[in-house]
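# Structural description and commentary
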Amino acid sequence: MLSGKRLLLIVSGGIAAYKTPDLVRRLRGQGAEVRVVMTAAAEQFVTPLSLASVSGQRVYQALFSLTDEAEMGHIELSRAADLVIVAPASADLLAKLANGLADDLASTLLLATDKEVLAAPAMNVRMWEHPATQENLARLKRRGLLIVGPDEGEMACGEYGPGRMAEPDAIVAAVAEHFNMPRPLSGLSALVTSGPTHEPIDPVRYIANRSSGRQGHAIAHALAHQGAAVTLVTGPVQLPDPAGVKTVHVESAREMLQACQAELPVDIAVCAAAVSDWRASEEATQKIKKDGSSLPALQLSENPDILAQLSKAGAQRPRLVIGFAAETRDVAAQAAAKRDRKGCDWILANDVSAESGTFGGPDNSIILIDGQGREDWPRTSKEGVAERLAVRIAQALEGKPEEESRMPEPIQDGQQK
Ligand code: CTP
């Protein structure tokens, strides 16, 4: 049942749009409230009047309509929903979403929403199979887009193959599954760090590293998907904020530590950020200039270790503290030593040697080290690692009262780095 769920249905241009009044009727039949947004192309296949009649609400079409903005701005429209559904999702709309284009109301809403998006693709089989569409989809899936269908069969254009929009009852089932799926981390809070940090040298220069933030962002999304209330504290990255996650943007290690401490207490902490170990001892207030003779010397100071600090946060220590160990040799042994040194519960060791392509790349292979031993995970996408970690965390905390699920080894003074 979908009682009380607020759904935003975006209808894009495709013959399958004629099925959307039926979809709206079925969603409302389950108790959901449905607001409909149509692209200009969608109006060629289904009338706004039909959708207004079945949804019992006005239908939104234009981005720059004064009436629309006076009633509900597009940002609000995209946020006042529990789930955004795109059906049919045309190749064009998926391409816009993959590339962040926002030239009409539908694409603007998709860019502005902080909610999860479920898309039901529908297009000609050749368009579906085109590498451009498949690449767009892969990119969107990495960002957490949920997909239902497409079905395989005879198409309106007479061709046969995958590309037909999933039937309305299958879309309703996918929506119900989304809301009703067990969320083992419901009621728990999580803090995730991600990305590199930038340590200023002068107003134009900084120390940084090659971290993309993909692993940390994927973990934040996966934990939220399992029901946790997640705060992501991220250094500068080229990634969108994950849907359904509170994201705090910082630059330096010290800012990251402060932002993390402000979130305590939390149940789970995952430190995936590639925090710069050092910062310039003094940040020059003016740009450092060449003087033609001597080279400038950079004096470094050690940054706070966020993982170690969270691990020894006393009464505020998260129930489960997880760190990463980026190593280039003796991966497991180095990681186990790092776990002891930092006082965290689990270390996810990963090989970041140049040959592995892990740093900044799409995949990761993990060795999980806890107090008991090691688990070797097969090499998979960073999203796959994130999903597995979220499930593993849920298993570890499931049904265990707080004291019992706390897993630190005793920490001795001076043990942390
Ligand atoms: N970490 C942190 N704060 C720091 C440095 C590291 O929170 N100042 C966290 C990372 O997020 C990661 C773990 O510590 O979870 C390990 O980071 P890594 O760079 O692999 O190890 P280092 O502590 O830098 O140790 P070394 O340089 O000896 O490899």
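Up top you'll find the structure we're talking about.
First, a word on what this report is: a plain description of the structure on this page. (Residues numbered from 1 in each chain as written. Predicted model: local features only at pLDDT ≥ 70, side-chain atom pairs only at ≥ 80, totals over all residues. Heavy atoms only, no water.)

The pairing of strands in a sheet comes from backbone hydrogen bonds and takes either a parallel or an antiparallel form. Sheet architecture is open: six strands sit in the order S3-S2-S1-S4-S5-S6, paired in parallel fashion. Single-partner strands in this sheet number two, and they are strand S3 (59-60) and strand S6 (146-147). In this sheet, strand S5 (residues 117-121) lies alongside strand S4 (residues 83-89) in parallel orientation, the contact comprising four bridges. Looking at the pairing, Val86 lines up with Ala119 of S5. Across the sheet, helix H1 (residues 20-29) lies against strand S1 (6-11), strand S2 (33-38) and S4, angled at about 175 degrees from S1, the strand it touches most. (Pairing = 2+ DSSP bridges. Helix = DSSP H or I, 4+ residues; strand = E, 2+ residues; numbered from the N terminus. Contact = heavy atoms within 4.5 Å. Axes fitted to C-alpha atoms, helices over the stretch in contact; angles between N-to-C directions.)

In this approach the atoms are scanned with a rolling probe the size of a water molecule, which exposes any empty space left behind. All told, the structure shown has two cavities of 30 Å³ or more when counted by the stated rule. Roughly 50 Å³ of internal volume is contained in the largest cavity. Lining the largest cavity are Arg6, Leu7, Leu8, Glu33, Arg35, Leu77, Ala80 and Ala81. The biggest single contributor to the lining of the largest cavity is S1, with three residues. Its residues assigned to classes, the lining of the largest cavity shows five nonpolar, no polar and three charged. (1 Å grid on protein atoms, 1.4 Å probe; cavity = no way out; pocket = protein on both sides within 12 Å on 5 of 7 lines; lining within 4 Å. Points joined across faces, edges and corners; volume = space filled by probe spheres on them. Nonpolar A, V, L, I, M, F, W, Y, C, P; charged D, E, K, R; others polar.)

Note that an α-helix has 3.6 residues per turn; residues three or four places apart therefore point the same way. The terminal C-alpha atoms of helix H14 (residues 382-397) lie 22 Å apart, and with 16 residues this matches the ideal 22 Å at 1.5 Å per residue to within 8%. Restricting attention to buried positions, one finds in H14 the residues Lys382, Glu383, Val385, Ala386, Leu389, Ala390, Arg392, Ile393, Ala394, Ala396 and Leu397. (Expected span 1.5 Å × (residues − 1). Buried < 20%, exposed > 50% of the residue type's maximum accessible area, 1.4 Å probe, protein only.)

This brings us to the site of the ligand. In the region of the ligand, 15 residues are neighbours, and Cys271, Ala273, Phe324, Lys338 and Lys342 sit closest. Separating an oxygen atom of the ligand from a backbone N or O atom of Ala273 is a distance of 2.6 Å. In the environment of the ligand, an oxygen atom lies 2.5 Å from a nitrogen or oxygen atom belonging to the side chain of Lys342. Those elements that provide at least two residues to the shell around the ligand are helix H12 (306-311), strand S17 (320-327) and helix H13 (331-342). If you tally residues by element for the shell around the ligand, the top one is S17, at four residues. Here the residues of the shell around the ligand sort into nine nonpolar, one polar and five charged. (Near = heavy atom within 4 Å. Polar contact = N/O pair within 3.5 Å; in protein donor to acceptor, adjacent residues only side chain to side chain.)

One can find Asp345 in the loop between H13 and strand S18 (346-351). Looking at Asp345, the relative accessible area reads 2%, which means it is buried. Polar side-chain contacts of Asp345 include one of 3.2 Å to the side chain of Arg317.

In spatial order, the strands read S13-S12-S9-S14-S17-S18-S20-S21; together these eight strands make up an open sheet with mixed pairing. The two strands at the open ends of the sheet, each matched to only one other strand, are strand S13 (246-249) and strand S21 (374-376). Averaged over all pairs of adjacent strands, the angle between their axes in this sheet comes to 15 degrees, without regard to strand direction. With three bridges connecting them, strand S20 (residues 366-369) and S21 associate as antiparallel partners. Within the sheet, the bridge partner assigned to Ile367 lies in S21 and is Asp376. Along the sheet, H14 contacts strand S14 (268-271), S17, S18, S20 and S21; its crossing angle with S18, the most-contacted strand, is approximately 160 degrees.

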